[in-house]
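# Notes for the structure review
Now for the letters of each chain:
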Amino acid sequence: MRVSPIPVLRAFGTAWVNTFRNTPLTLIIFFCYFGLFVNLGVTYSEESIDLNNFWLGVTGLAAYTAAFVCEALRAGINTVPAGQAEAARAIGLTFSQTLRIVVLPQATRAVIAPLGSILIALTKNATIVTTIGVLESASVMKQLINDNGDAVIPIFLVFAGTFVALLVPVGYLFSWLAVRLAVKR
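Quick summary incoming for the structure in this document. Nothing here was measured: the structure is a model prediction, and the numbers come from that model.

### Points about the environment of V69
Tracing the backbone through its elements, the reader meets V69 in helix α3 (residues 49-79). Considered as a pair, V69 and P114 are 45 residues apart in the sequence and their alpha carbons are 8.5 Å apart.

### Considerations on the layout of surface pockets
When its volume is computed, the largest pocket comes out at roughly 230 Å³. Every residue lining the largest pocket is listed: V3, I77, N78, V80, P81, A82, A85, R89, F95, T98, L99 and V103. Broken down by element, the lining of the largest pocket gets its largest block of residues, four residues, from helix α5 (residues 95-110). Here the residues of the lining of the largest pocket are counted per class, giving nine nonpolar, two polar and one charged.

### Regarding the nonpolar core
The biggest cluster of nonpolar side chains holds 15 residues, and the ones touching the most others in it are F20, L25, I28, I29, C32, L56 and L61. Where this core is concerned, the elements lending two or more residues are α1 (7-21), α2 (25-39) and α3. The biggest single contributor to this core is α2, with seven residues. Counting residues in each nonpolar core, the second largest holds eight residues, with I77, V80, L93 and L99 among its members.

### Focus: the packing of α2 against α3
One way to put it is that α2 packs onto α3 with a least axis distance of 9 Å and a crossing angle of 130°. It follows that α2 is oblique to α3 by the angle criterion. Classified by chirality, the crossing of α3 by α2 is right-handed. Where α2 abuts α3, its residues L25, I28, I29, C32, Y33, L36 and F37 lie against I49, N52, N53, L56, G57, T59, G60, L61 and Y64.

About the criteria used
- Residues numbered from 1 in each chain as written.
- Predicted model: local features only at pLDDT ≥ 70, side-chain atom pairs only at ≥ 80, totals over all residues.
- Heavy atoms only, no water.
- Helix = DSSP H or I, 4+ residues; strand = E, 2+ residues; numbered from the N terminus.
- 1 Å grid on protein atoms, 1.4 Å probe; cavity = no way out; pocket = protein on both sides within 12 Å on 5 of 7 lines; lining within 4 Å.
- Points joined across faces, edges and corners; volume = space filled by probe spheres on them.
- Nonpolar A, V, L, I, M, F, W, Y, C, P; charged D, E, K, R; others polar.
- Core = buried A, V, L, I, M, F, W, Y, C linked by side-chain atoms within 4.5 Å.
- Buried < 20%, exposed > 50% of the residue type's maximum accessible area, 1.4 Å probe, protein only.
- Axes fitted to C-alpha atoms, helices over the stretch in contact; angles between N-to-C directions.
- Parallel < 35°, antiparallel > 145°, perpendicular 65-115°, else oblique.
- Left-handed = near helix turned anticlockwise from the far one by under 90°.
- Contact = heavy atoms within 4.5 Å.

Okay, structure coming up:
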């Protein structure tokens, strides 16, 4: 919607992205729990409160991260020369065909590295969902520290090392993809 030729859609997309990008993730997660679940009664699972909290956390992370993905894609679309879209329109392609066939394939190549960074941030941001009771790495680490107070540094190093072991290769993969798929100009 951020690149739509329809002003109302473009304004809605801008408002959505600016709202979610500029709201702290913790507030979004709290809203998903207290706003959606407690006040509005939105439930994803009648069987388990833990499963319901998991999906509420996924909803908050998805809404938050989608705003950043949107901006990365918009930036990629803006890297495509305007003449490409004009040429597509000149041969009779519609706006959606122009995006799908001409602009997005080129834009995707330009946003590989930013999307990798967003994936890494999403992985780290997942620790925020512990605020609504979802069992994940931060809450497990807290429990281990509570049980083994004398081993704080080794516990921290194991968890930090795990994130490094998972995310450094992802960073290298996306850097390699960005170079491999870059448009040589």
